[in-house]
Amino acid sequence: MRRKIVAGNWKMHGSNAQNRDLLSALRAGSVSLGCEVLVCPPYPYLAQVADALEGTAIVCGAQNLSQHLEGAFTGEVSAAMLADLGCRYVIIGHSERRTLFGESDAVLVAKFVAARQAGLCPIFCLGESLAQRQAGKTLEVVFEQLNSLLQVVGVEGLVDAVLAYEPVWAIGTGLSATPEEAQEVHAALRGMLSALDVDVAAALRILYGGSVKAGNAQELFVQPDIDGGLIGGASLVAQDFLAICRAAN
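In this text, all values refer to a predicted model and were calculated from it rather than measured experimentally.

Participant: I keep staring at the environment of Lys111 and nothing clicks. Help me out?
Facilitator: Secondary-structure assignment places Lys111 in helix H5 (residues 105-117). It is 9.4 Å that separates the C-alpha atoms of Lys111 and Ser78, two residues lying 33 residues apart in sequence. Excluding its chain neighbours within four sequence positions, the residues that come into contact with Lys111 are Asn64, Leu65, Ser66, Gln67, Ile92 and Glu103. Within polar-contact distance, the side chain of Lys111 engages the side chain of Asn64 at 2.9 Å.

Here it is, written out as structure tokens:
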């Protein structure tokens, strides 16, 4: 059975004081959680978060990384640096990186490869815009995004990696795909991979991201192909995030 994951993406939020309070509440409330839990703070707080979570069941991840391993790339952060700080996961291809910062499929695939080389587990994001959904192109879009990765790493490159389906129109909007809509896409992604390797597809964890809240988490997580959530705003409120984690138990 695939163990569910709940990943908190703090985006560009936080301060030393706010983080201390949030992490203290998460540590206290995470004792009985059966799912895998991780938080992904902004770069400046990675060391603080990793230190605060040491000895707990919650792990630390990063929101992004450079596709370059090292060198004269001012302002960039490498996969090796993230691993050195105690990160175990890294988010790649979040819709905000794709849309706001223009990261192409080729760049995101290179980031996936860099993460793997440093021993990080990539959470590779896929998703369509509202216009693409309304045009009936959801599966075409997510298949194309996934194919860009498969053409480089092959289906075996997804072993122990994580996918996240996050419809762009549901990110930070308060809108969410219905459980049935999300399940349809998750099942299609798993079916696409099953045609290449049944075992890899069966073991691969696919998260849903897109305005997941305490009130809708359980009905999403009971879907057979939804293996947890990539949580944005709700991950900044300890009780809301813990409620979502409990829904994944």
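Once you've had a look at it, read on.
Participant: I keep staring at the sheet that holds strand E3 (residues 58-62) and nothing clicks. Help me out?
Facilitator: Backbone hydrogen bonds are what pair the strands of a sheet, in a parallel or an antiparallel way. Reading around the circumference, E1-E2-E3-E4-E5-E6-E7-E8 is the order of the eight strands in this closed barrel, with parallel pairing throughout. Across the sheet, the mean angle from the axis of one strand to that of its neighbour is 25°, orientation sign disregarded. Relative to strand E8 (residues 228-231), strand E7 (residues 205-209) runs parallel, the two sharing two bridges. Looking across to E8, one finds that Gly209 is bridged to Leu230. Against the sheet, helix H2 (residues 46-53) engages strand E2 (36-40) and E3, with an angle of about 165° to E3.

Participant: Mind showing me how you'd approach the packing of aromatic side chains here?
Facilitator: The description of an aromatic ring pair uses the distance of the two centres, along with the angle that the planes make with each other. Applying the stated criterion to the full structure yields two aromatic pairs. Relative to Tyr208, the ring of Tyr165 lies with its centre 6.1 Å away and its plane at 50°, an arrangement referred to as tilted. Linking Tyr165 in strand E6 (residues 162-165) with Tyr208 in strand E7, this pair joins segments that are 43 residues apart in sequence. One exposure class covers both Tyr165 and Tyr208, and it is buried. Sitting over the face of the ring of Phe101, Arg97 holds its NZ or CZ atom 4.1 Å from the ring centroid.

Participant: Where do I start with helix H11 (residues 238-247) in this structure?
Facilitator: Given 3.6 residues per turn, any residue in an α-helix points the same way as the ones three and four places further on. Of the residues making up H11, those classed as buried are Ala238, Phe241, Leu242, Ile244 and Cys245. Buried residues of H11 fall within an arc of 155° about the axis and therefore sit on the same side. Buried positions along H11 lie against strand E1 (5-9), helix H1 (16-29), E2, helix H10 (217-221) and E8.

Participant: How do you make sense of empty space enclosed by the protein when you look at a structure like this?
Facilitator: Gaps left between atoms show up when a probe the size of a water molecule is rolled over them. Taken as a whole and assessed by the stated rule, the structure comprises one cavity of 30 Å³ or more. Taken as a whole, the largest cavity spans an internal volume of roughly 40 Å³. Considering the residues around the largest cavity, the lining is formed by Arg3, Ser30, Leu33, Cys35, Glu36, Val37, Ala57 and Ile58. Class assignment of the residues belonging to the lining of the largest cavity gives a composition of five nonpolar, one polar and two charged.

Participant: Teacher, can you tell me more about the pairing of E7 here?
Facilitator: Working note: regular strand, side chains alternate between the two faces of the sheet. For E7, the buried fraction is high: five of the five residues fall into the buried class. Where burial is concerned, the two faces of E7 agree: the one with Arg205, Leu207 and Gly209 and the one with Ile206 and Tyr208 are both buried. Of the pairings in the sheet, the one linking E6 to E7 comprises four bridges and is parallel in character. Residue pairing across strands places Ala164 opposite Leu207, the latter belonging to E7.

Participant: Help me out: how do you make sense of the pattern of salt bridges in this one?
Facilitator: Oppositely charged side chains are able to pair whenever their charged atoms sit close together. Per the counting criterion, the structure on display carries ten salt bridges. Ionic pairing is found between Arg88 and Glu36, a salt bridge with its closest N-O pair at 3.9 Å. Residue Arg88 is located in the loop between helix H3 (79-84) and strand E4 (89-92), and its partner Glu36 is located in strand E2; the two are separated by 52 residues in the primary sequence. Overall, the relative accessible area of 46% leaves Arg88 in the partly exposed class. Accessibility expressed as a relative area gives 9% for Glu36, which makes it buried. In the salt-bridge network here, residues are joined through shared partners; they are Arg2, Arg190, Asp225 and Asp227.

What counts and how
Within each chain, residue numbers correspond to sequence positions counted from 1 in written order. This being a predicted model, a pLDDT of at least 70 is required before a residue's local features are given, and a value of 80 or more before pairs of side-chain atoms are given or counted; all residues contribute to the totals for chains, interfaces and linings. Values reported for side chains reflect all heavy atoms of the structure, with hydrogen atoms and water molecules removed beforehand. Only runs of H or I of at least four residues qualify as helices and only runs of E of at least two qualify as strands under DSSP, and these elements are numbered from the N terminus. Residue contacts are counted whenever heavy atoms from the two residues lie within 4.5 Å of one another. Polar contacts, as counted here, are pairs of nitrogen or oxygen atoms within 3.5 Å of one another; within protein the pair requires one atom able to donate a hydrogen and one able to accept it, and residues that are adjacent in sequence qualify only if both atoms are side-chain atoms. DSSP calls a pair of strands paired once it identifies at least 2 bridges connecting them. To get an axis, a line is fitted to the C-alpha atoms, and for a helix only the part in contact is used. The angle between two axes follows their N-to-C directions and goes from 0 to 180 degrees. The pairing test for Phe, Tyr and Trp rings, Trp by its six-membered ring, is centres within 6.5 Å, and the orientation test on the planes gives stacked under 30 degrees, edge-to-face over 60, and tilted for anything in between. To sort residues, take the accessible area from a 1.4 Å probe on protein chains only and compare it with the maximum for the residue type: under 20% means buried, over 50% means exposed, and anything in between is partly exposed. In this scheme, the term charge over a ring applies when either NZ of a lysine or CZ of an arginine sits within 6 Å of the ring centre and within 35 degrees of the ring normal. Our arc is simply the arc of the directions from the helix axis toward the C-beta atoms. The pocket and cavity definitions rest on a 1 Å grid over protein atoms only: a 1.4 Å probe that fits but cannot leave marks a cavity, an open set with protein on both sides within 12 Å along at least five of seven lines marks a pocket, and residues lining either have an atom within 4 Å of a point. Grid points are joined across faces, edges and corners, and a volume is the space filled by probe spheres set on the points. Classification convention: Asp, Glu, Lys, Arg as charged; Ala, Val, Leu, Ile, Met, Phe, Trp, Tyr, Cys, Pro as nonpolar; all other residues, Gly among them, as polar. One speaks of a salt bridge when a side-chain nitrogen belonging to Lys or Arg is within 4 Å of a carboxyl oxygen belonging to Asp or Glu.

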